[in-house]
Amino acid sequence: MRIERENPAHPEQIVGAVISTPPEAVDAAVRHAHRDFREWSREPVGTRLTALGHAADELDARTPELASLLARESGKPVSDCRGEIGFAATYLRWVREHAAEILRAHDTNSSRGRITLTRKPFGVVAAITPWNAPIILAMLKLGPALAAGNAVILKPSPLAPLAVSAAAELLPATRVLHGGPDTVQALITHPLVRKVAFTGGDQAGRAIAAAVGGALTPVLLELGGNDPAIFLDDFALTPGDFERLVLASFATAGQVCMAAKRLYVPETRLTEFVESYIAAAQRILIVGEPADESTTMGPVVTRAAAERVTGLVTDARNRGARVIPLASAPDSDGYFLDPVLVLGAPDDADLVRLEQFGPAVPILAYREEAEVLARANDSELGLAASVWSADEEHAFAVASRIEAGFTFVNTHNRTGMSLHAPFGGTKNSGFGREYAEEGLLEYTQSIVTHAPGAFRAGGAGLPAGAYPDAR
Ligand code: NAD
């Protein structure tokens, strides 16, 4: 079956199509991938990492063409698409540089015995990815999984399947498969799929977790967030900082897992904050055609997404909030929305309580630090957060009390990412980590061989019933 993808800026245009694999054809795909695994895992790690480096170079070379395709299928501004692809190549190079050391076998031998620890691949990894940053989110799985010697079957989102499929072809031991929930179910419960890596929303995450629970397959879940940005009463933001903050919420039209989704501002500094925020938004937000170099915000991804976000804003307005447009969407049949600031929404409004995943940001006033922490933490989600203060020490102290996997200080979202720090959720935002050493070790199993010194020739043995002591 063909799955067509429309252009969210021009829904009458079909950007391209992919062929979906029916559930009954998944077995053959997994068996091919398992053969890939047997060959690929026998390659020395140096050979595998060289191949990842070549893929990074190819990705760089093909960036203009892939960015243009990604902009048309996702609605993201083309400059953002280029940035995403460049970052994906940078990440693959990070893996190339660091994986050999992280994957190194350990062999310790002393009078207490010998222990060897090797980091072995799982086998076939199924990677299921969302539409909003499809290339980097796929490479965060492909890079470490392949470095460790796994083979991968990638199942991208039907909302942006084209550029990521082309990018995945640049990598060895990788197959791409498309399809709906039945296809995914057949894939992740296949007995030769030994690890599942999923990034996406809470609902699909639960369906994946339930299925792999039955199959006893380990899973990495990177789910959504409702990320608070907390401004302490000494915040000192320049006009440029305000622009960065605006983009932290409105890049990709707010459809980013770690976007700043609720802004908490001291009541005493609310007016000044809102004025600076609006001024920055008016300078930086240009809503328009994704292919235009000057565009900073495109349409949302589907008509359903546009209706959902509009509904959240209408509900907040009906509950007494003031809605302030920050820029104007073009008059178009595309799924463009005006980016808005929402003032005075109650904490239990859905716009505040849920991940809005769209260009509408509530600004919420607070009085006390303890109060703002309680309100920020009053969420089932706990992906990212930020704390803004002139006093970095104080910001770190407040950050340590936030229930989130990754808290930025004096920035938020992509300008604060580090290749050297693990990223992932707490609470219902998922489990497992991407990036850095932890992100690589997710795709390995620690395999140990141990000869206890006590039982070597000449060893003293252990008295009956004894366990080794910890010395
Ligand atoms: P989604 O959950 O709708 O889809 C993600 C993937 O799961 C897609 O490949 C989709 O086809 C598949 N899928 C959907 N329903 C399924 C089901 N019932 N069974 C099996 N597979 C299913 O998410 P999306 O709209 O593509 O992406 C948005 C969500 O992803 C947001 O919640 C966002 O916060 C989250 N996200 C999280 C991170 C992170 O790193 N934590 C990064 C990006 C996006």
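All of the points below concern the structure found in this document. (Residues numbered from 1 in each chain as written. Predicted model: local features only at pLDDT ≥ 70, side-chain atom pairs only at ≥ 80, totals over all residues. Heavy atoms only, no water.)

## Here's the deal with the site of the ligand
Around the ligand sit 27 residues, and of these Thr129, Lys155, Gly201, Leu223 and Glu355 come closest. At a separation of 3.2 Å, an oxygen atom of the ligand approaches a polar backbone atom of Trp131. Taking Leu223, its main chain carries an N or O atom lying 2.8 Å from a nitrogen atom of the ligand. In the complex, the protein chains occlude 82% of the 860 Å² of accessible area that the ligand would expose alone. Of all the secondary structure elements, the ones that give two or more residues to the shell around the ligand are helix H7 (181-188), strand S8 (193-199) and helix H8 (202-215). Among the elements that line the shell around the ligand, the one with the most residues is H8, at 3 residues. Grouping the constituent residues of the shell around the ligand by class yields 17 nonpolar, 7 polar and 3 charged. Residue contributions to the shell around the ligand reach at least three from each of two domains, namely domain 1 (2-223 + 429-449) and domain 2 (228-416). (Near = heavy atom within 4 Å. Polar contact = N/O pair within 3.5 Å; in protein donor to acceptor, adjacent residues only side chain to side chain. Areas by Shrake-Rupley, 256 points an atom, 1.4 Å probe, with all protein chains shown as cover. Helix = DSSP H or I, 4+ residues; strand = E, 2+ residues; numbered from the N terminus. Nonpolar A, V, L, I, M, F, W, Y, C, P; charged D, E, K, R; others polar. Domains from an automatic or database assignment.)

## A word on the pattern of salt bridges
Here the structure, examined in full by the defined rule, presents 25 salt bridges. The shortest N-O distance in the salt bridge between Asp348 and Arg319 comes to 2.8 Å. Separated by 29 residues along the polypeptide, Asp348 in the loop between strand S13 (340-343) and helix H12 (350-353) and Arg319 in the loop between helix H11 (303-318) and strand S12 (322-325) bring together distant segments of the chain. What makes Asp348 partly exposed here is its relative accessible area of 45%. A network of salt bridges, in which partner residues are shared, links Asp57, Asp60 and Arg93. (Salt bridge = Lys/Arg side-chain N within 4 Å of Asp/Glu carboxyl O. Buried < 20%, exposed > 50% of the residue type's maximum accessible area, 1.4 Å probe, protein only.)

## Describing the sheet that holds strand S6 (residues 151-155)
Taken together, the 6 strands give an open sheet; going across it, the order is S7-S6-S5-S8-S9-S19, and neighbouring strands pair in mixed fashion. On the outer flanks of this sheet lie strand S7 (174-176) and strand S19 (430-431), each paired with one strand and no other. The pairing of strand S5 (residues 124-128) with S8 spans 5 bridges and is parallel. Residue pairing for S8: Ala127 is matched across the bridge by Ala197. Each of S5, S6, S7 and S8 touches helix H1 (residues 26-42); the most contacted strand, S6, lies at about 145 degrees to it. Here H7 sits on the sheet and contacts S5, S6 and S8; the angle it forms with S5, its principal contact strand, is near 155 degrees. (Pairing = 2+ DSSP bridges. Contact = heavy atoms within 4.5 Å. Axes fitted to C-alpha atoms, helices over the stretch in contact; angles between N-to-C directions.)

## Thoughts on helix H14 (residues 392-399)
Along H14, the residues classified as buried are Ala395, Val398 and Ala399. Taken around the axis of H14, the buried residues stretch over an arc of 100 degrees, which confines them to a single face. Against the buried residues of H14 lie helix H13 (369-377), strand S16 (384-388) and strand S17 (406-409). Measuring from the backbone nitrogen of Glu393 back to the side-chain oxygen at the start of H14 gives 3.1 Å, which picks out Asp391 as the cap. (Arc of directions from axis to C-beta.)

## A look at the side chain of Lys155
Mapped onto the elements, Lys155 comes out in strand S6. No salt bridge is formed by the buried Lys155; its nearest oppositely charged neighbour, Asp182, is found at 12 Å. Beyond its immediate stretch of four places on either side in the chain, Lys155 contacts Ala127, Ile128, Thr129, Leu177, His178, Gly179, Val184 and Leu187. (Lys, Arg positive; Asp, Glu negative; His and termini not counted.)

## Concerning the sheet that holds strand S14 (residues 360-366)
With mixed pairing, 7 strands are arranged side by side in an open sheet as S12-S13-S14-S11-S10-S16-S17. Lying at the two open borders of the sheet, with one neighbouring strand each, are S12 and S17. Going across the sheet, the axis of each strand differs from the next one's by a mean of 20 degrees, ignoring polarity. Two elements, strand S10 (residues 228-231) and S16, share 3 bridges in a ladder whose sense is parallel.

Bear in mind that shape data such as this cannot, by itself, settle questions of function.
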